[in-house]
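This is what each chain is made of:
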Amino acid sequence: KLKKASNVDQSSYSLSFLFLLLRLRKQNKMGDMSLSNINHEDAVALDIKPSYVSETPLPFLTPNKDKSSSSPLFSLHFFQKLIAELVGTYYLVFAGCASIAVNAQHNNAVTLVGIAVVWGLVVMVLIYSLGHISAHFNPAVTIALASCRRFPLNQVPAYIAVQVIGSISASATLRLLFDLNNDVCGKKHDVFLGSYPSGSDLQGFAMEFIITAFLMFVVCAVTTGNRTSAELEGLIIGATISLNVIFGAEVSGSSMNPARSLGPALVWGCYKGIWIYLLAPTLGAVSAAWICKLLPSTQKKEN
């Protein structure tokens, strides 16, 4: 290929030079012509680039973006991200908790596996729908990303605020829609759509820590490397959530999300074990994010 490209260069320049000589001879300017009198229009510029030259910069030449640096809070893009987080968290809590309410009011028609599938599917759909804007929907994920310098620290409070607002709004909608106005805290009549440990607090704390760490580990693995295509990210994360719900729901409720548990707790005023669901998922997500950061990985993709 190099030899062929060289032959093309020589032939092209020879033809260009002959063309220039013929034109100058025709104008009778061969006697006193100097290089300074040659117009640029008379020259033929060639830009022959071999096919083996790549247009893509090498990875080590591409500067890494520091996600921990301060980003503007008063901008259209940031406002769009907050709207995406609000809408996404609302539909996440609405769909997942609605499956619990339907299952309780219709003699376990949905079943545990069905509830797990609903949680996984709604996360998958929301990632594909809003992932190009923002798709945390979880304060634990937001805090974990900020802790390892992959998310601006000054945006964390606003993210958590809209996530909690979305969860509260969804919980209030479900309370009105399913008429869940009885003593749900005492479980005398209606089902409580929030989270509470079925066993000891220690058992619930351990389960929430483990399953949230597992979820965050998968999130980091599929979103920071080039081993997985972007088209599969939502499917893998949704499948992980469904798996966690199947084996963790009977122990702790498989919250994995402080906003998901805090919203129903505030709407119904039931705060039993709420500290577990605020602390354990956050610690689990932060731990997993730092483990992923310390492990060797493939080239990171730019967000």
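Residues numbered from 1 in each chain as written. Predicted model: local features only at pLDDT ≥ 70, side-chain atom pairs only at ≥ 80, totals over all residues. Heavy atoms only, no water.

A. Region of interest: helix 4 (residues 139-147). In terms of burial, helix 4 is largely enclosed, as seven of its nine residues are buried. Listing the buried residues of helix 4 in full gives P139, A140, V141, T142, A144, L145 and A146. Where helix 4 starts, the residue carrying a side-chain oxygen 2.9 Å from the main-chain nitrogen of A140 turns out to be N138. After helix 4 finishes, the residue R149 shows a positive phi value of roughly 65°. (Buried < 20%, exposed > 50% of the residue type's maximum accessible area, 1.4 Å probe, protein only. Helix = DSSP H or I, 4+ residues; strand = E, 2+ residues; numbered from the N terminus. Polar contact = N/O pair within 3.5 Å; in protein donor to acceptor, adjacent residues only side chain to side chain.)

B. View of the UniProt feature "transmembrane region" (unreviewed entry) in the protein chain. As recorded in UniProt, the feature "transmembrane region" (unreviewed entry) lies at residues 82-104, 110-135, 156-178, 202-222, 234-254 and 274-295. Secondary structure within residues 82-104 divides into 100% helix and 0% strand; the distance between the first and last C-alpha atoms comes to 33 Å. Along residues 110-135 one finds 77% helix and 0% strand; the C-alpha atoms at either end are 27 Å apart. (UniProt positions renumbered as here; feature names shortened; annotations may be inferred.)

C. View of unusual backbone geometry. The backbone of N108 shows a phi angle near 55°, a positive value even though the residue is not glycine. Inspection of the secondary structure assignment puts N108 in the loop between helix 2 (76-105) and helix 3 (111-130). Phi is positive for R149, close to 65°, though the residue is something other than glycine. With respect to the secondary-structure elements, R149 resides in the loop between helix 4 and helix 5 (156-177).

D. Summary view of the environment of S195. You can see S195 is positioned in the loop between helix 5 and helix 6 (201-223). Linking S195 and S255, residues 60 residues apart in sequence, is a C-alpha distance of 6.6 Å. Excluding its chain neighbours within four sequence positions, the residues that come into contact with S195 are S252, S255, R260, S261, K272 and Y277. Here the side chain of S195 touches S261 through a polar contact of 2.9 Å, side chain to side chain. (Contact = heavy atoms within 4.5 Å.)

E. Inspection of the packing of aromatic side chains at higher detail. A full pass over the atoms with the stated rule returns seven aromatic pairs. Relative to Y159, the ring of F151 lies with its centre 4.8 Å away and its plane at 65°, an arrangement referred to as edge-to-face. In terms of burial, F151 and Y159 fall into one category: buried. Both rings, one in F192 and one in Y196, keep their centres 6.2 Å apart while their planes meet at 15°; by these two values the pair is stacked. Residue classification places Y196 among the partly exposed positions, given a relative accessible area of 26%. Joined through ring pairs, the aromatic side chains of F78, F151 and Y159 make up one cluster. (Phe/Tyr/Trp six-rings, centres within 6.5 Å; stacked < 30°, edge-to-face > 60°.)

F. Inspection of the nonpolar core at higher detail. Ranked by size, the top nonpolar core spans 37 residues in total, and within it L92, W119, V123, L193, I237, I241 and W268 carry the most contacts. Among the elements of the structure, helix 2, helix 3, helix 5, helix 6, helix 7 (230-252) and helix 8 (258-268) are those that each provide at least two residues to this core. Element by element, the count of residues in this core is highest for helix 3, at eight residues. The contact partners of I237, leaving out residues within four places of it in the chain, are V123, I127, L215, V219 and V222. In terms of nonpolar packing, the next biggest core, distinct from the first, is built from 19 residues, A144, A213, M216 and A285 among them. (Core = buried A, V, L, I, M, F, W, Y, C linked by side-chain atoms within 4.5 Å.)

G. Looking closely at the state of the cysteines. Throughout the structure, instances matching the rule amount to zero disulfides. Here C220 stays unpaired: no disulfide links it, and the sulfur of C292, its closest cysteine neighbor, is 4.1 Å away. The class for C220 is buried, based on a relative accessible area of 4%. The class for C292 is buried, based on a relative accessible area of 17%. (Disulfide = S-S within 2.5 Å.)

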